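Analysis of the macromolecular model
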Amino acid sequence: MSKTKTENKLIRILTYILVLLLCVGLLGGIVYLLRRSVGMYADYNGSVITSSNDGITVDYSETETAVFTIGNYNDWGVYSVTDCTVKVINNVSSKSSYDFEYTANGSTSNYSGITDFTSVFTTSGSTVAVSEDGTFELAFKYSSMSDILKAYAGTAVSIDGSPDIYSYPYFAIQITSPDEESVIKIPFVYNTTAVTNVTISPNAIIF
């Protein structure tokens with residue numbers, strides 16, 4: 001009888017341990033599912049960007065291009081990474097204190113009225129091509145807002161104020177998934193240490 005009680009006690013202990021291990025494993029699985037990365041992301045210089053408004057700093061260069069990579073923690077389904085759309089857009093709204101006026105061909109407009117700057121930052125053509133491995137390139141070959149607006153307008157421009165692309169993200173890279181359900185917006189400023197012969201504002205970088 002004593003032996004039977006001991007065996008029953010051992011069985012109960014082992015059962016409790018197994019149930020505890022099962023609960024711990026189940027809890028670990030739930031935590032993993034909740035914390036694991038999902039969806040589309042972008043990689044730039046080893047930094048992974050998974051959500052909008054994660055700002056980056058880019059280097060001005062007349063000859064070199066910047067390489068980005070689009071990935072997906074899930075798969076693309078019936079689509080391909082090459083179906084993603086990449087644009088460089090305005091990052092200033094009409095209500096922002098960073099909005100300003102510029103004049104081109106005798107006509108004055110608000111900077112916030114420009115929606116698409118992609119053609120100014122492409123390596124060639126007016127659109128950004130995404131390769132099969134998810135990479136795409138952008139060219140940050142203009143060192144000032146006036147040069148960027150001149151390239152956009154195709155003519156000389158005059159600017160009201162001194163918008164500084166080294167201290168505030170006037171532009172953003174926008175990556176849209178093939179099904180248009182996921183969008184990553186990446187504001188960027190220019191790196192002050194990568195520029196020579198350009199007057200830099202001492203203001204802090206703000207994202």
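Note that the coordinates shown come from a computational prediction; the quantities given were computed from them, not determined experimentally.

Time to look at a nonpolar patch on the surface. On the surface, a nonpolar cluster with roughly 360 Å² of combined accessible area is contributed by L10, I13, L14 and I17. Here I17 shows up in helix α1 (residues 2-35). Given a relative accessible area of 42%, I17 falls into the partly exposed group.

Quick look at the environment of M40 now. With respect to the element layout, M40 can be found in strand β1 (residues 40-44). Judged by its relative accessible area of 6%, M40 falls in the buried class. Sequence separation between M40 and W76 is 36 residues, and the spatial gap between their C-alpha atoms is 9.1 Å. With near-sequence residues (within four places) excluded, M40 lies in contact with T50, I70, G71, N72, W76, C84, I175, T176, S177, S182, V183 and I184.

Turning our attention to the sheet that holds strand β9 (residues 157-159). Here we have three strands laid out as an open sheet, ordered β7-β6-β9, and antiparallel in their pairing. With partners counted over all chains shown, the strands left at the sheet margins are β7 (107-110) and β9, one partner each. Between one strand axis and the next, the sheet turns through 25 degrees on average, direction left out of account. In the packing of helix α3 (residues 145-153) onto the sheet, the strands contacted are β6 (101-104) and β9, and the crossing angle to β9 comes to about 140 degrees.

This next bit is on the pairing of strand β4 (residues 66-72). The buried fraction of β4 amounts to five of the seven residues, a majority that puts the element mostly inside the structure. Two elements, β1 and β4, share five bridges in a ladder whose sense is antiparallel. By the bridge assignment, Y44 is partnered in β4 with F68. The pairing of β4 with strand β8 (residues 135-138) spans four bridges and is antiparallel. Each residue of the ladder has a partner; that of V67, found in β8, is E137.

Along α3, the positions that sit buried rather than exposed are M145, I148 and L149. The buried residues of α3 occupy one face: seen down the axis, they fall within an arc of 95 degrees. Elements that come into contact with the buried residues of α3 comprise β6, α2 (118-121), β9, β10 (171-176) and β11 (183-190). In the stretch just after α3, G154 is the one whose phi turns positive, near 75 degrees.

In this section: the side chain of T118. Topologically, T118 is positioned in helix α2. Relative accessible area serves as the criterion here: at 4%, T118 is assigned to the buried category. Filtering out sequence-adjacent residues up to four positions away, T118 remains in contact with V86, K87, V88, S126, T127 and V128.

Core analysis: the biggest nonpolar cluster contains 44 residues, and F121 and F171 have the highest contact counts within it. For this core, the leading source of residues is β11, giving four residues. Ignoring sequence-local partners within four residues, the contact set of F121 consists of V88, L138, A139, F140, I148, F171, F188 and Y190.

On to the side chain of T176. Inspection of the secondary structure assignment puts T176 in strand β10. Not counting chain neighbours up to four residues away, the residues in contact with T176 comprise M40, C84, T85, S182 and V183.

Conventions we followed
Residues numbered from 1 in each chain as written. Predicted model: local features only at pLDDT ≥ 70, side-chain atom pairs only at ≥ 80, totals over all residues. Heavy atoms only, no water. Patch = residues over 30% accessible without salt bridge, like charges linked within 9 Å, V, L, I, M, F, W, Y side chains within 5 Å. Areas by Shrake-Rupley, 256 points an atom, 1.4 Å probe, with all protein chains shown as cover. Salt bridge = Lys/Arg side-chain N within 4 Å of Asp/Glu carboxyl O. Helix = DSSP H or I, 4+ residues; strand = E, 2+ residues; numbered from the N terminus. Buried < 20%, exposed > 50% of the residue type's maximum accessible area, 1.4 Å probe, protein only. Contact = heavy atoms within 4.5 Å. Pairing = 2+ DSSP bridges. Axes fitted to C-alpha atoms, helices over the stretch in contact; angles between N-to-C directions. Arc of directions from axis to C-beta. Core = buried A, V, L, I, M, F, W, Y, C linked by side-chain atoms within 4.5 Å.

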